[in-house]
Amino acid sequence: MPLALLALAVGAFGIGTTEFVMMGLLPDVADDLHISIPTAGHLVSAYALGVVIGAPLLAAVTARMPRRTVLMALMALFVAGNALSAFAPGYDSLLAARFLSGLPHGAFFGVGAVVATTMVPPERKARSVSLMFLGLTVANVAGVPVATLMGQHLGWRATFLGVSAIGVAAIASLALLIPHDHAPAPAAGLRGELAALRSVPVWLALGTTVAGFGALFAAYSYITPMLTDFAGYAESSVTLVLALFGVGATVGNLLGGRLSDHSLRATLFGGLVSLTAILSLFPLLMRTPVMAAVAVILLGTAAFVTGSPLQLMVMEKASAAPSLASSANQAAFNLANAGGAWIGGLALAAGFGTTSPALAGAGLAVLGLAVAGTAYLVDRHRATLPVGVAERVVASHVPEQPGALHR
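Residues numbered from 1 in each chain as written. Predicted model: local features only at pLDDT ≥ 70, side-chain atom pairs only at ≥ 80, totals over all residues. Heavy atoms only, no water.

1. Thoughts on the overall build of the chain
Right, so step 1: Along the chain, the regular secondary structure elements total 18 helices and zero strands.
Right, so step 2: What you see for the chain is a C-alpha radius of gyration of 21 Å, in line with the 22 Å of a compact globule of 407 residues.
Right, so step 3: In terms of its C-alpha atoms, the chain occupies a principal-axis envelope of roughly 65 × 45 × 35 Å.
Right, so step 4: The proportion of buried residues among the 407 residues of the chain is 55%.
Right, so step 5: Taking as baseline every contact in the chain between residues at least 6 positions apart, the subset at least 24 positions apart corresponds to 83%.
Right, so step 6: Carbon and sulfur atoms make up 71% of the accessible area of the chain, which totals about 16,200 Å².
Right, so step 7: Between the averaged position of the 18 positive side-chain charges in the chain and that of its 15 negative side-chain charges there is a distance of 12 Å. (Helix = DSSP H or I, 4+ residues; strand = E, 2+ residues; numbered from the N terminus. Rg over C-alpha atoms; globule rule 2.2 N^0.38 Å. Buried < 20%, exposed > 50% of the residue type's maximum accessible area, 1.4 Å probe, protein only. Contact = heavy atoms within 4.5 Å. Areas by Shrake-Rupley, 256 points an atom, 1.4 Å probe, with all protein chains shown as cover. Lys, Arg positive; Asp, Glu negative; His and termini not counted. Charge placed at Lys NZ, Arg CZ, Asp CG, Glu CD.)

Here it is in structure tokens:
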């Protein structure tokens, strides 16, 4: 694997750290700014909103720029957002800074995934994507705990200065390690990128992301009360157990990348089936501390096995103009975060019990399987069409490029 993937992983590490660290710093931020914790929680939502808006918007605006330049510009915006967070004088300015910090998130992963796949042979594309996402999963194991401790001992503003420093290191890595010839300006341009989103298979892949990762967040958003009220963990031990989730996610991400290079669709179906089974067993697994820890690891593994195949599937379905579709998949991931948490909360509010969000997540995983199955049937149907008809169907969804070979 090329060393240039390290530069993408460094950027992913910084983004993953700033995305999740706010959850651990909410009490400190609330005390310092004299606001309630629920009000401080809007800072998490502001970041997610920035991701959802910024992913397709920035990918579209930068459609004709060299991808290497785009990645460096996105990280510069990331540095600016986190530096402004560190020096924000009040709540409103911090809210705006968090929104700004979220804008480059989706586009960086989307464009970065496209660049990663151009640097490796076709049989290693999924592994290249998984190595970039490795920075995100490692952030949950190391970056977030260290950044949280830094904020608790040095003040929350020091955390965002530290994250800004990671962003500067990522820019330097991108400049040094990514060669110009592996990240040229895309030929499709804005019209081509937008036209690629007319493809039904692209939307089915995005729908699978929303349902599949919505299943994860339906349960994970409420994992703390499950661990303390049901499994018997002390609150002081929850952070360690959540680090185990990061370990499982890292294993699942690497495993998913390797397996997807052999069979992308089988890996996706296998991950969703495993996720359904694990979430369905949560009420039983949460009965003892040891089994609960195992359940948390398995949850991270099963969920992130699907990450690389979903990202690669979206890119392949929009092969002539993959940057916007790839970035839109990151927006779908954050919609899954918000939607999954909402659905899990409905199960709790309805009085179905502490572990009911996991069962709601199992239902979403089944929905993800249904959407993925529909995508498979659509592909099978197109494969059976006569050659001329199949070419017209593809041409109706994919922008024509000079010299492009459409499948």
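2. Quick word on the pattern of salt bridges
Side-chain pairing between opposite charges can occur once the charged atoms of the two side chains come close.
Right, so step 1: All told, the structure shown has four salt bridges when counted by the stated rule.
Right, so step 2: The salt bridge involving Asp261 is made with Arg127; its shortest N-O contact spans 2.9 Å. Placement of Asp261 in the loop between helix H11 (238-260) and helix H12 (264-280) and of Arg127 in helix H6 (residues 125-154) is noted, with a sequence separation of 134 residues between them. The same class applies to Asp261 and to Arg127, which are both buried.
Right, so step 3: A salt bridge links Asp379 to Arg265, with the nearest nitrogen and oxygen atoms 2.5 Å apart. Pair noted here: Asp379 is in helix H17 (residues 356-384) and Arg265 is in helix H12, with a separation of 114 residues, a long-range link.
Right, so step 4: Assessed through its relative accessible area of 18%, Asp379 is described here as buried.
Right, so step 5: Here the residues in one salt-bridge network are Arg265, Lys317 and Asp379, joined through shared partners. (Salt bridge = Lys/Arg side-chain N within 4 Å of Asp/Glu carboxyl O.)

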